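Next come the chains, spelled out residue by residue.
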Amino acid sequence: MALRLKRGQSLCCFPVPLPQVRAFGITSSATAKLLSLLPYRLFVRPSPYRPAHAHARELSLHHRQTNTNGIPCYHCSLNKPTTRVREARSTSSAAFSPIATRQLKGTHSTSTMASADASSASPAGSDPLHPKVNMPRMVYGTAWKKNRTADLVYQAIKEGFRGIDTAAMKRHYSEELTGEGIRRAIKDGIVTREELYIQTKYTPHDDAFLAEPALYPTITSQVLASVTSSLRHLAHTDSPGSQEDTSYIDCLIMHSPFPDPVSTLEAWMALQSFVPHRIRSLGISNITLPELQYLVADPRVTVYPTVIQNRFRRAERRWDYELRRWCATQNSTRWKGEKRTRYQGFWTLTGNRGDWPTQKFVRELAAAVPKTAQEVEALEAEAAAAAVTEVQKEGEQDGGEGNFLDGEPAEPEDLKSGDGDLGISLEAAWYALTILGADVVVLNGTTSQQHMREDLECLERVDRWRKTPQGKKVWDSCFEGFKALVGMPHS
């Protein structure tokens, strides 16, 4: 059959360099000369947004797993004599998943299409494409840490952080040093890999792809290169890439959408091919609600985003209310009440410097929280003792709302005090309202060892204190002010 190659098309079933293919693919006579050199017949899969791809047809041949550009080719990886056009036109994750998994893991995997069919009829807890991922409520951010990244990641894990955020973007992150800090913490026995939540990002239009466009001619090739390097950098073993390597990433986040939705969809389908074997879940960052709705509405999207990561500040659509509401709706409908779709906020402090230092309810909360964990324990013990007494007196008094303490909590006007009298810092109070109240997972990028420890300890202290009778009243009052400011979608 005659084959006409247009500029930019690629052949994958024979070792002809791409420049030579382009040189021959201008006229029909040149195409005929090229075809005479081939030992088998080919057909071309056209696509509206990708270069055409040629495959062997109706002949049993020794297939190559990659094309001339090093891009995994599903059909060339199959040891089958026939390849159908309708299969060739499929760019879904079902086509890409087996080859991606075999290339990275070295073992055969089950078909993602079968997993997708099974997941459609599975409850949330047993969905093979959406396994449960234990995400901490505060994640350590590694942006702009440069050559200090490994030491800071190690220190953050040592101080109690169990979530790490990085990206395969050398301009602002050092993914390799992030992995070094993680491996050091694991080697020293501070933590195990199973206790950690690790997320990284694929960055569209990254400098590495723009510098060498010939090596990464398609979006799919960029995704493969990014994921492969991320798995190598973040491997928890000393020999990544070996047959015994069981490294995985808890969440792979697309750093931003492409300018056009078609390219975003292509990148997403390439990413979802790694789920759940080497990547447990997917997310997307710096996205608007219309862009997200367009993405998830496509029937080829079989892996839904479980992380939406945006700037949490007034200037970003009033603290991203609509996207937070979308996440809450997903949890109540798709996941049957489970918190499986999480909104992650960054710039939580730096992007809100005009709000948290000046809001009255932030200072009221900071002043009301006990200064030490021992004081919280005393309140908990007092409340427990009062509850026992109440049970013993059951039937002797009316069972209305009782105050089990020897006094009412201070009124808001009594909580105005200087910073020296605060139980926790204003920053910690804002974090607590954002995390415990608004259910936002916060990225914390502090470089201070003291702040690492205090931010985690204060959050735990507030969480325990707000459940005591005294703390609950003050917390509810302060959180009403926070909800009026940033909005709180119904879950």
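Look up a bit, the structure's there.
Criteria and thresholds
Residues numbered from 1 in each chain as written. Predicted model: local features only at pLDDT ≥ 70, side-chain atom pairs only at ≥ 80, totals over all residues. Heavy atoms only, no water. Helix = DSSP H or I, 4+ residues; strand = E, 2+ residues; numbered from the N terminus. Areas by Shrake-Rupley, 256 points an atom, 1.4 Å probe, with all protein chains shown as cover. Buried < 20%, exposed > 50% of the residue type's maximum accessible area, 1.4 Å probe, protein only. Contact = heavy atoms within 4.5 Å. Expected span 1.5 Å × (residues − 1). Arc of directions from axis to C-beta. 1 Å grid on protein atoms, 1.4 Å probe; cavity = no way out; pocket = protein on both sides within 12 Å on 5 of 7 lines; lining within 4 Å. Points joined across faces, edges and corners; volume = space filled by probe spheres on them. Salt bridge = Lys/Arg side-chain N within 4 Å of Asp/Glu carboxyl O. Phe/Tyr/Trp six-rings, centres within 6.5 Å; stacked < 30°, edge-to-face > 60°. Lys NZ or Arg CZ within 6 Å of the ring centre and 35° of its normal. Core = buried A, V, L, I, M, F, W, Y, C linked by side-chain atoms within 4.5 Å. Pairing = 2+ DSSP bridges. Axes fitted to C-alpha atoms, helices over the stretch in contact; angles between N-to-C directions. Right-handed = clockwise from strand over helix to strand, strands pointing away.

Enquirer: I'd love a proper account of the overall build of the protein, names of residues and values included.
Expert: Summing up its helical and strand segments, the protein has 18 helices and 11 strands in all. For the protein, the accessible surface area stands at approximately 23,200 Å², while carbon and sulfur atoms represent 51% of it.

Enquirer: Give a detailed account of the side chain of Asp463, specifying residues and quantitative values.
Expert: Assignment of secondary structure puts Asp463 in helix H17 (residues 449-465). Residue classification places Asp463 among the buried residues on the basis of a relative accessible area of 9%. In this structure Asp463 touches Arg137 and Leu436, once residues within four positions along its chain are discounted.

Enquirer: Describe helix H8 (residues 175-187), with residues and values.
Expert: For the α-helix, the turn length of 3.6 residues means that residues three or four positions removed from each other point alike. Taking 1.5 Å as the rise per residue, H8 with 13 residues should run 18 Å; its terminal C-alpha atoms sit 18 Å apart, in good agreement. Glu175, Thr178, Gly179, Gly181, Ile182 and Ala185 are the residues of H8 that are buried. An end-on view of H8 places all buried positions within 160 degrees of arc, on one side of the element. Pointing more than 90 degrees away from the buried face of H8 are the exposed residues Glu176 and Lys187.

Enquirer: Help me get a handle on the layout of surface pockets, residues and values and all.
Expert: In this structure, the largest pocket occupies an estimated 990 Å³ of space. Going through the elements one at a time, strand S9 (307-311), helix H16 (426-437), strand S11 (440-444) and H17 are the ones with two or more residues in the lining of the largest pocket. When residues of the lining of the largest pocket are assigned to their parent elements, the largest contribution, four residues, is made by H17.

Enquirer: Any chance you could break down the pattern of salt bridges for me, citing the residues and the numbers?
Expert: Scanning the model with the defined rule gives 24 salt bridges in all. Between Arg184 and Asp151 there is a salt bridge, with the nearest N and O atoms lying 3.1 Å from each other. Linking Arg184 in helix H8 with Asp151 in helix H7 (residues 149-159), this pair joins segments that are 33 residues apart in sequence. When its relative accessible area of 46% is taken as the criterion, Asp151 is described as partly exposed. Between Arg300 and Asp298 there is a salt bridge whose closest N-O contact spans 3.0 Å. Accessibility expressed as a relative area gives 17% for Asp298, which makes it buried. It is possible to trace a salt-bridge network through shared partners that takes in Arg137, Glu460, Asp463, Arg466 and Lys467.

Enquirer: How would you sum up the packing of aromatic side chains? Please name residues and give values.
Expert: The way to describe two aromatic rings as a pair is by their centre distance and the angle between their planes. One pass over the structure, following the stated rule, counts seven aromatic pairs. Between Phe312 and Tyr343, the aromatic rings sit 6.4 Å apart at their centres with planes inclined by 65 degrees, giving edge-to-face as the arrangement. Of the two residues, Phe312 is situated in the loop between S9 and helix H13 (317-333) and Tyr343 in strand S10 (residues 342-346); the sequence distance between them amounts to 31 residues. Take Phe312: its relative accessible area is 0%, and that puts it in the buried class. You can call Tyr343 buried: its relative accessible area is 3%. Through pairs of rings, three or more aromatic residues link up here, namely Phe361, Trp430, Trp475, Phe479 and Phe482. For the cation-ring pair, Arg280 lies above Tyr248, with the distance from its terminal atom to the ring centre recorded as 4.1 Å.

Enquirer: I'd love a proper account of unusual backbone geometry, names of residues and values included.
Expert: Geometrically, the link from Val275 to Pro276 is a cis peptide bond, its omega value of 5 degrees lying close to zero. Structurally, the position occupied by Pro276 is in the loop between helix H11 (261-272) and strand S8 (282-285). The backbone phi angle of Asp320 is positive, close to 55 degrees, even though this residue is not glycine. Checked against the element boundaries, Asp320 lands in helix H13. The class for Asp320 is buried, based on a relative accessible area of 1%.

Enquirer: Give me the lowdown on the nonpolar core, citing residues and values where you can.
Expert: Ranked by internal contacts, the top residues of the largest apolar core, which has 88 residues, are Tyr202, Val223, Ile308, Trp430, Trp475 and Phe482. With nine residues, H16 is the single largest residue contributor to this core. With sequence-adjacent residues up to four places away left out, Trp430 is seen in contact with Trp319, Thr348, Leu349, Asn352, Asp355, Trp356, Val362, Phe482, Leu485 and Val486. Ranked by size, the runner-up nonpolar core spans nine residues in total, among them Met135, Val307, Val441 and Leu443.

Enquirer: I'd like to hear about the environment of Leu252, residue by residue, with values.
Expert: Locating Leu252 in the fold gives a position in strand S7 (residues 251-254). Overall, Leu252 belongs to the buried group, its relative accessible area being 1%. Residues Leu252 and Leu282 lie 30 residues apart in sequence; the distance between their C-alpha atoms is 4.9 Å. Not counting residues within four places of it along the chain, the set of residues in contact with Leu252 comprises Thr200, Lys201, Tyr202, Leu271, Ile279, Ser281, Leu282 and Gly283.

Enquirer: Which residues make up the environment of Ala235, and what values do they have?
Expert: Mapped onto the secondary structure, Ala235 falls in the loop between helix H10 (219-233) and S7. The spacing of Ala235 and Tyr248 is 13 residues in sequence and 7.2 Å in space, taken between C-alpha atoms.

Enquirer: Explain the sheet that holds S11 to me, and be specific about the residues and the numbers.
Expert: Spatially, the eight strands close up into a barrel ordered S4-S5-S6-S7-S8-S9-S10-S11, and their pairing is parallel. For this sheet, the mean inter-axis angle between neighbouring strands, taken without regard to orientation, is 25 degrees. Direction of pairing for S9 relative to S10: parallel, over a ladder of five bridges. What sits directly across from Ile308, in S10, is Tyr343. On top of the sheet, H16 reaches strand S4 (138-141) and S11; it is set at about 140 degrees to S11, its chief contact.

Enquirer: Can you tell me about the environment of Arg340, naming the residues and giving the values?
Expert: You can see Arg340 is positioned in the loop between H13 and S10. Linking Arg340 and His130, residues 210 residues apart in sequence, is a C-alpha distance of 8.7 Å.

Enquirer: Give me the lowdown on the pairing of strand S6 (residues 197-202), citing residues and values where you can.
Expert: Put simply, side chains in a regular strand alternate between the two faces of the sheet. Taken across its six residues, S6 has six buried, putting it largely inside the fold. In S6, alternate side chains face the same way, and those of Tyr197, Gln199 and Lys201 on one face and Ile198, Thr200 and Tyr202 on the other are all buried. The pairing of strand S5 (residues 163-165) with S6 spans three bridges and is parallel. From the neighbouring strand, Ile164 faces S6, where its bridge partner is Ile198. Crossover S5 to S6 through H8 is right-handed. By the bridge criterion, four bridges tie S6 to S7 in an arrangement that is parallel. Bridge pairing links Lys201 to Ile253 in S7.

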